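# Architecture at a glance
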Amino acid sequence: MAPVIHNRLRRGGRTALAAAGATVVLGLAGCSIDLSGLRPGGGEEEPSPEPPEPVAAAPLVEKALEELAGYQGLVATGQVAESVGADVRDAALTVADGGAASGTIRSGSIEADLISGDGRIFIRALEDFWLDQGVFAPDFDEFGGNWVRASTAQAGINPGAVLAPPVLAEILGGIELESDEAVEENLDGTLTHRVDLAGERNQMWIDAETGLIKRIAVEELLAPEAESGPQVRLDLAEADTAAVEELYDGVVAATTDELGSARDARIEVGWDGQADMACEDGPNCTWSGTVRDAAGTGSGTVAVRMDVTFSNSDIGEQTCDDSGNLEAGGTLDLSCSADYNIVSQTQQTYTIDGNATLSTRGLPGGQQESMLEALNEQREATLSGGGEPAEEEGEDEGGD
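A few points on the structure. (Residues numbered from 1 in each chain as written. Predicted model: local features only at pLDDT ≥ 70, side-chain atom pairs only at ≥ 80, totals over all residues. Heavy atoms only, no water.)

## Quick look at the environment of Gly73
Here Gly73 lies in strand E2 (residues 73–81). Gly73 gets classed as buried once you look at its relative accessible area, which sits at 0%. (Helix = DSSP H or I, 4+ residues; strand = E, 2+ residues; numbered from the N terminus. Buried < 20%, exposed > 50% of the residue type's maximum accessible area, 1.4 Å probe, protein only.)

Structural data, given as structure tokens:
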């Protein structure tokens, strides 16, 4: 994303010459008459407009960041990318000062809903969105149209980690000024002062009338203590109380009613080699297998569940399951058993078939309750004027 460049186009005129019959010129050939002296002020050169007075950048930035840090929430619209050179996404997000967020992101022509809270990101989109991300999951058929826990890379940005107003103000305040003077600039019809920040293409536009930040363009929006950050080009506006209440209503409702069944796309879960099935007298059958981060590019820790069905046409089915947490780049051993426990006077032989399926959980165990508790605490703090800074995404959280 290159910086905004406003080109002033000079409109050229076109002169059309046409022959319109014979023209009689009487006594004026080769003569010119200067009538400028008949106009008021005629003959005097028009004064050139005076250049605007230089404006010190530091006081503008200090005031703008102080105002930003005090927002209950902000509305950010524009473009984001996980890093320079990564896929660019259009984004329209509302972010509360505690880090809860909701809105949309668009990858190409595919739009997806996004919510985040308590350090977790969830995306709801059609299957095509996930296919574009190169996601292959054992429970992929549950992704389309449902909330799925996502990584920062898949979303393009973790809004709670970098766009919560007090955090964003801290990040921007940590970037040094490239120039001590701000440049007056017309930005989409609004008079602003452009402040050039240190870095290749880091800039901030401050509304000349209100003193509030109108736009930012940052190559790497680096959260405190983070090792990397997204590239952003965003228009900013303060979110009013009604917008913040609507944000929390939506995130709390989704967490209560839908996120308990959400899947997790942050790691591509797959079998590591062949699973093993063994049966003893009973028949008592055991299924054992190892799962891994099949792509090797995952992030965080994902809760994985294995469901196994043993079956025989004469004696029916038995089921068992096991679950655990798979860390990115690691493996997880799973095993479970089912005992038919058939008592017979004569020895019988049965052929048992086994089948195992893997699935993920985006908000397992007590995480749903803890997320709701955190959201309600943040909501109360935000609307009472004492919101806490956001926490970074809980990439390492899996099952309880």
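## Quick look at the sheet that holds strand E17 (residues 301–312)
The strand order across the open sheet built from three strands is E18-E17-E20, with neighbouring strands paired in antiparallel fashion. In the strand order of this sheet, the two ends are held by strand E18 (316–327) and strand E20 (353–361), each with one partner. Put simply, the sheet's adjacent strands are angled 20 degrees from each other on average, direction ignored. Looking at chain direction, E17 and E20 are connected through nine bridges and run antiparallel. When the sheet's bridge partners are listed, Thr309 is paired in E20 with Asn355. (Pairing = 2+ DSSP bridges. Axes fitted to C-alpha atoms, helices over the stretch in contact; angles between N-to-C directions.)

## Some remarks on the pattern of salt bridges
Taken as a whole, this structure holds 16 salt bridges when the rule is applied. In this structure, the salt-bridge partner of Arg379 is Asp249, at a minimum N-O distance of 2.7 Å. Placement of the pair is Arg379 in helix H7 (residues 367–383) and Asp249 in helix H6 (residues 241–257), with a sequence separation of 130 residues. Take Arg379: its relative accessible area is 22%, and that puts it in the partly exposed class. Of the charged contacts in the structure, one is a salt bridge between Arg305 and Asp321, with a shortest N-O distance of 3.5 Å. In this pair, Arg305 is assigned in strand E17 and Asp321 in strand E18, connecting sequence segments 16 residues apart. Exposure remark for Arg305: the relative accessible area of 29% places this residue in the partly exposed category. Salt bridges here are not isolated pairs; linked through shared partners, they connect Asp113, Arg124 and Glu258. (Salt bridge = Lys/Arg side-chain N within 4 Å of Asp/Glu carboxyl O.)

## Some thoughts on H6
A rise of 1.5 Å per residue sets the reference length of H6, with its 17 residues, at 24 Å; its end C-alpha atoms lie 24 Å apart and thus fit the reference within 8%. Taken residue by residue, H6 has Val244, Leu247, Tyr248, Val251, Val252, Ala254 and Thr255 as its buried positions. When H6 is viewed along its axis, its buried side chains cluster within an angular range of 160 degrees and face the same direction. Exposed residues lying more than 90 degrees from the buried face of H6 are Glu246 and Asp257. Taken together, the buried residues of H6 touch E2, strand E3 (88–96), strand E4 (101–107), strand E5 (110–117), strand E7 (147–150) and H7. (Expected span 1.5 Å × (residues − 1). Arc of directions from axis to C-beta. Contact = heavy atoms within 4.5 Å.)

## Re the packing of helix H1 (residues 57–69) against helix H5 (residues 165–173)
Two elements in contact, H1 and H5, have axes whose closest approach is 7 Å; the angle formed by their N-to-C orientations is 160 degrees. Taken together, the axis directions place H1 and H5 in an arrangement best described as roughly antiparallel. Only Pro165, Pro166, Leu168, Ala169, Leu172 and Gly173 of H5 make contact with H1, whose side of the interface consists of Leu65, Leu68 and Ala69. Along the lines of polarity and charge, the residues of the contact of H1 with H5 split into eight nonpolar, one polar and no charged. (Parallel < 35°, antiparallel > 145°, perpendicular 65-115°, else oblique. Nonpolar A, V, L, I, M, F, W, Y, C, P; charged D, E, K, R; others polar.)

## Considerations on the packing of aromatic side chains
According to the stated counting rule, one finds three aromatic pairs in the structure shown. A centroid spacing of 5.2 Å and a plane angle of 90 degrees characterise the contact between Phe129 and Trp130, whose relative ring orientation is edge-to-face. Assigned by exposure class, Phe129 and Trp130 land together as buried. Here the aromatic rings of Trp130 and Phe143 are separated by 5.6 Å at their centres, their planes lie at 70 degrees, and the arrangement is edge-to-face. With a gap of 13 residues between them, Trp130 in helix H2 (residues 127–132) and Phe143 in the loop between H2 and E7 connect regions that are remote in the sequence. The class for Trp130 is buried, based on a relative accessible area of 0%. Through pairs of rings, three or more aromatic residues link up here, namely Phe129, Trp130, Phe140 and Phe143. Note that Arg215 overlies the ring of Trp205, its terminal NZ or CZ placed 6.0 Å from the centroid. (Phe/Tyr/Trp six-rings, centres within 6.5 Å; stacked < 30°, edge-to-face > 60°. Lys NZ or Arg CZ within 6 Å of the ring centre and 35° of its normal.)

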